[in-house]
Amino acid sequence: MSETITRPIDRSHMLVSDEIAIDIRNMNKWYGTFHVLRDIDLTVHRGERIVIAGPSGSGKSTLIRCINRLEEHQAGHIVVDGIELTNDIKNIDKVRSEVGMVFQHFNLFPHLTVLENCTLAPIWVRKVPRRQAEETAMRFLEKVKIPEQAHKYPGQLSGGQQQRVAIARSLCMQPKIMLFDEPTSALDPEMIKEVLDTMIELAEEGMTMLCVTHEMGFAQAVANRVIFMDQGQIVEQNEPREFFNNPKSERTKLFLSQIL
Ligand code: ADP
Ligand code: MG
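As named in an unreviewed UniProt entry, the protein is Arginine ABC transporter ATP-binding protein, taken from Paracoccus acridae. The UniProt entry for the protein carries the following comment under Sequence similarities (unreviewed entry): "Belongs to the ABC transporter superfamily."

What follows is the structure, encoded as structure tokens:
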């Protein structure tokens, strides 16, 4: 089990509301003829912290990329904060402005400073005045504990610092939901903790989060639900204690025996 979670977690703000943040019904997706997601049903309530686990190639990234339409589904429904994802570009823009995403490989703009990375979308997409966007960005850079890096370029930062910039950049758009796709998988072990700490703080503030991660210590400490995917399907889901101590399906048992 991961030893990266080393402090008690304050769950007092982690309230799960009755309100639905994401509703996925009978969703299917193909890449060409390859049926990558099969009959996905998933309802996420506001305030939930969901960890998605499963073997490589099981469709985890594709699933979360469908939620902000980086990938298109071909059947079924995806509704985010009451907005259905269809070809309507207005809806896609609305959903993207509410959903932040953090990738394995940071995806920062290398030719822009940390501060410019954080203010680009607020200024150009949200039309926030530059001064105000910079103030907000500094607030979030302080939150992820790297305000002193604001005028450096991504290439001058460590991987852990770059990933915290990526999180701050997402937060600058004031998202209602945060999606994480293996945010610590590209990091050296000593940097994993600093990124997980940032994610834990977000959870403690009540952010709705979907995280694809192999950090099972994080899942146990922070998630209220763990979803296990295999071959494009949700095979099993449960609250963490039951998921880890009492897995139901053979596929889940096999997966857990390989990673724990
Ligand atoms: P995971 O994140 O669980 O490792 P992915 O969602 O990345 O899985 O991929 C699921 C399956 O879809 C894999 O077999 C992968 O090779 C395939 N796949 C992913 N992206 C594409 C794509 N753009 N075109 C075709 N196949 C893809
Ligand atoms: Mg993936």
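**Q** Help me understand the overall build of the protein in this model?
**A** Along the backbone of the protein there are 9 helices and 10 strands. Relative to the 2.2 N^0.38 estimate, which gives 18 Å for 260 residues, the radius of gyration of the protein is 18 Å and therefore close to what a compact globule would have. Taking the principal axes of the C-alpha coordinates as reference, the protein spans close to 55 × 45 × 35 Å. Contacts in the protein between residues at least 24 apart in sequence constitute 68% of all its contacts with a sequence separation of at least 6.

**Q** Looking at this structure, how should I read the site of ligand 1?
**A** In the vicinity of ligand 1, the contacting residues are Tyr 31, Phe 34, Val 36, Pro 55, Ser 56, Gly 57, Ser 58, Gly 59, Lys 60, Ser 61 and Thr 62. Between ligand 1 and Lys 60 there is a distance of 2.8 Å, counted from an oxygen atom to a side-chain nitrogen or oxygen. Here an oxygen atom of ligand 1 and a side-chain polar atom of Thr 62 are 2.5 Å apart. For ligand 1, the protein covers 58% of the area, taking 560 Å² as the surface of the free molecule.

**Q** Got a minute to help me understand unusual backbone geometry in this structure?
**A** Of all residues except glycine, most have a negative phi; of all peptide bonds, most are trans. Backbone geometry at Phe 106 places phi at a positive 45°, although glycine is not the residue there. Mapped onto the fold, Phe 106 is located in the loop between strand E6 (99-102) and helix H3 (114-124). Phi at Lys 127 is positive, roughly 60°, even though this residue is not glycine. Turning to its location among the elements, Lys 127 is positioned in the loop between H3 and helix H4 (130-143).

**Q** It is not clear to me how the side chain of Gln 161 should be interpreted in this structure. Could you clarify?
**A** The residue Gln 161 is located in helix H5 (residues 159-171) in this model. A relative accessible area of 17% means that Gln 161 is categorised as buried. Residues in contact with Gln 161, not counting those within four places in the same chain, are Ile 146, Gln 149 and Glu 194.

**Q** Help me out: how do you make sense of the pairing of strand E7 (residues 177-181) in this one?
**A** Here is the key point about a regular strand: its side chains alternate between the two faces of the sheet. Within E7, 5 of the 5 residues are buried, leaving the element largely enclosed by the surrounding structure. Of the two faces of E7, both are covered, the one formed by Ile 177, Leu 179 and Asp 181 as well as the one formed by Met 178 and Phe 180. Relative to E7, E6 runs parallel, the two sharing 4 bridges. Looking across to E7, one finds that Val 99 is bridged to Ile 177.

Rules and cut-offs
- Residues numbered from 1 in each chain as written.
- Chains lettered and ligands numbered in written order.
- Predicted model: local features only at pLDDT ≥ 70, side-chain atom pairs only at ≥ 80, totals over all residues.
- Heavy atoms only, no water.
- UniProt positions renumbered as here; feature names shortened; annotations may be inferred.
- Helix = DSSP H or I, 4+ residues; strand = E, 2+ residues; numbered from the N terminus.
- Rg over C-alpha atoms; globule rule 2.2 N^0.38 Å.
- Contact = heavy atoms within 4.5 Å.
- Near = heavy atom within 4 Å.
- Polar contact = N/O pair within 3.5 Å; in protein donor to acceptor, adjacent residues only side chain to side chain.
- Areas by Shrake-Rupley, 256 points an atom, 1.4 Å probe, with all protein chains shown as cover.
- Buried < 20%, exposed > 50% of the residue type's maximum accessible area, 1.4 Å probe, protein only.
- Pairing = 2+ DSSP bridges.

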